[in-house]
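Analysis of the macromolecular model
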Amino acid sequence: MAAENEEPACRRWPHRIYGVGEEPDPRFTLANERTFLAWIRTALALMAAGVGVEALNAAMSPGPDPLRTSLAVLLLLAGVVCSVAAFGRWMTMERALRTKAPLPPPKLAPVLGFGLGVVGVAATVLLLVNGF
Amino acid sequence: MQVERTTLAWLRTGLTFVVGLMVLLRLLAHRSAVAAAVCAAVALPLAAVIAVASWRRHRQAERNLRAAKPLPDGVLQAAFTALALLAGAIGAVYVLLM
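Residues numbered from 1 in each chain as written. Chains lettered and ligands numbered in written order. Predicted model: local features only at pLDDT ≥ 70, side-chain atom pairs only at ≥ 80, totals over all residues. Heavy atoms only, no water.

**Some remarks on the overall build of chain A**
- Tallying secondary structure elements over chain A gives 5 helices and 0 strands in all.
- Counted from the first residue to the last, chain A has its helices and strands arranged as α-α-α-α-α.
- Structurally, chain A occupies a C-alpha span of about 70 × 25 × 20 Å along its principal axes.
- When burial is assessed residue by residue, chain A has 36% of its 132 residues classed as buried.
- Total accessible area computed for chain A in this model is approximately 7,400 Å², and 72% of it derives from carbon and sulfur atoms.
- Seen as two clouds, the 12 positive and the 10 negative side-chain charges of chain A have centres 5 Å apart. (Helix = DSSP H or I, 4+ residues; strand = E, 2+ residues; numbered from the N terminus. Buried < 20%, exposed > 50% of the residue type's maximum accessible area, 1.4 Å probe, protein only. Areas by Shrake-Rupley, 256 points an atom, 1.4 Å probe, with all protein chains shown as cover. Lys, Arg positive; Asp, Glu negative; His and termini not counted. Charge placed at Lys NZ, Arg CZ, Asp CG, Glu CD.)

Okay, structure coming up:
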């Protein structure tokens, strides 16, 4: 019985998480998964915003526009950082749950909040510069 | 209920991916048909595999929870992250391709 339980545990990936601690309450694991998915969706929303900035403005005013392109690239980069951070955070949280350590506070959330504020200001400037 | 809610979150995220990728590829096709075809050939099969894997994960989670066995591991999380990075790359191709 013990061997039966241990063998699949060894095959679980990544080993960095499943090699330590013990199985937490399944509800916590599931909640952690949903939090990861919420972060991934946030990343997708950021990327969609980047592509949207480019697509809408290209339709309105054709031709190259460095300001517009840099805003789009900034949003895409934010999305990429956000998705990598989502996975990293999922790992950190799962490890903390397994070792019964305190859960670390979200580092990216305040950055994202302030960053989106900056993006909002940039989008407003872009709107004014392009004359609607 | 917890498993159900988590499965819905997986499916919702998967759906967002598929819809987002389709819109993005449609936009990209406007700028370069070749780039759109290449990106579609890479991204859409991956998205389909991930959709099937999400459903299988749900079945496994239900089964394991009943049998008091550990829940599924982190492979699908890594796959979603990879797909998000791919979507970001395709988005960058679109934005930078004038």
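**Concerning helix α3 (residues 75–96) of chain B**
- Taking 1.5 Å per residue, 22 residues should reach 32 Å; α3(B) reaches 32 Å between its end C-alpha atoms and fits that length.
- Of the positions making up α3(B), those classed as buried are L76(B), Q77(B), F80(B), T81(B), L83(B), A84(B), A87(B), G88(B), I90(B), G91(B), Y94(B) and V95(B).
- Where α3(B) is buried, its residues touch α3 (26–60) and α4 (66–99) of chain A together with α1 (2–31) and α2 (33–66) of chain B. (Expected span 1.5 Å × (residues − 1). Contact = heavy atoms within 4.5 Å.)

**Quick notes on the pattern of salt bridges**
Residues and elements named next belong to chain A.
- For the structure shown, the criterion picks out 8 salt bridges over all chains.
- K100 is paired through a salt bridge with E22; the nearest N and O atoms lie 3.5 Å apart. Of this pair, K100 sits in the loop between α4 and α5 (108–129) while E22 sits in the loop between α2 (15–18) and α3, placing them 78 residues apart in sequence. Like E22, K100 is exposed. (Salt bridge = Lys/Arg side-chain N within 4 Å of Asp/Glu carboxyl O.)

**Some details on the side chain of E33(A)**
- As for its placement among the helices and strands, E33(A) is situated in helix α3.
- Judged by its relative accessible area of 3%, E33(A) falls in the buried class.
- Of the polar contacts made by the side chain of E33(A), one reaches the side chain of W10(B); its length is 3.0 Å.
- Every residue in contact with E33(A), bar those within four places of it in the chain, is listed here: W90(A), T6(B), W10(B), R57(B), P72(B) and Q77(B). (Polar contact = N/O pair within 3.5 Å; in protein donor to acceptor, adjacent residues only side chain to side chain.)

**A few points about a positive patch on the surface**
Residue and element names in this part refer to chain B.
- Taken together, the side chains of R56, R59, R63 and K69 define a basic patch exposed on the protein surface.
- Inspection of the secondary structure assignment puts R59 in helix α2.
- Residue class for R59 comes out partly exposed when judged on its relative accessible area of 47%. (Patch = residues over 30% accessible without salt bridge, like charges linked within 9 Å, V, L, I, M, F, W, Y side chains within 5 Å.)

**A few points about the environment of P105(A)**
Residue and element names in this part refer to chain A.
- Tracing the backbone shows P105 in the loop between α4 and α5.
- For P105, a relative accessible area of 60% puts it in the exposed group.
- Along the primary structure P105 and E33 are separated by 72 residues, whereas in three dimensions their C-alpha atoms are 17 Å apart.

**Quick look at the UniProt feature "transmembrane region" (unreviewed entry) in chain A**
All names here are of chain A.
- The feature "transmembrane region" (unreviewed entry), as given by UniProt, occupies residues 36–59, 71–91 and 111–129 in the numbering adopted here.
- Counted over residues 71–91, helix gives 100% and strand 0%. Its end C-alpha atoms are 30 Å apart.
- Each end of residues 111–129 is marked by a C-alpha atom, and these two atoms are 27 Å apart; helix forms 100% of the span and strand 0%. (UniProt positions renumbered as here; feature names shortened; annotations may be inferred.)

**Things to note about the nonpolar core**
- Counting 46 residues, the largest nonpolar core has F36(A), W90(A), F17(B), L28(B), F80(B), I90(B) and Y94(B) as the members making the most contacts within it.
- Of all the secondary-structure elements, those providing two or more residues to this core are α2, α3, α4 and α5 of chain A together with α1, α2 and α3 of chain B.
- It is α3(A) that provides the largest number of residues to this core, a total of 11 residues.
- Among all residues touching F36(A), those that are not within four sequence positions of it are A86(A), F87(A), W90(A), W10(B), Q77(B), F80(B) and T81(B). (Core = buried A, V, L, I, M, F, W, Y, C linked by side-chain atoms within 4.5 Å.)

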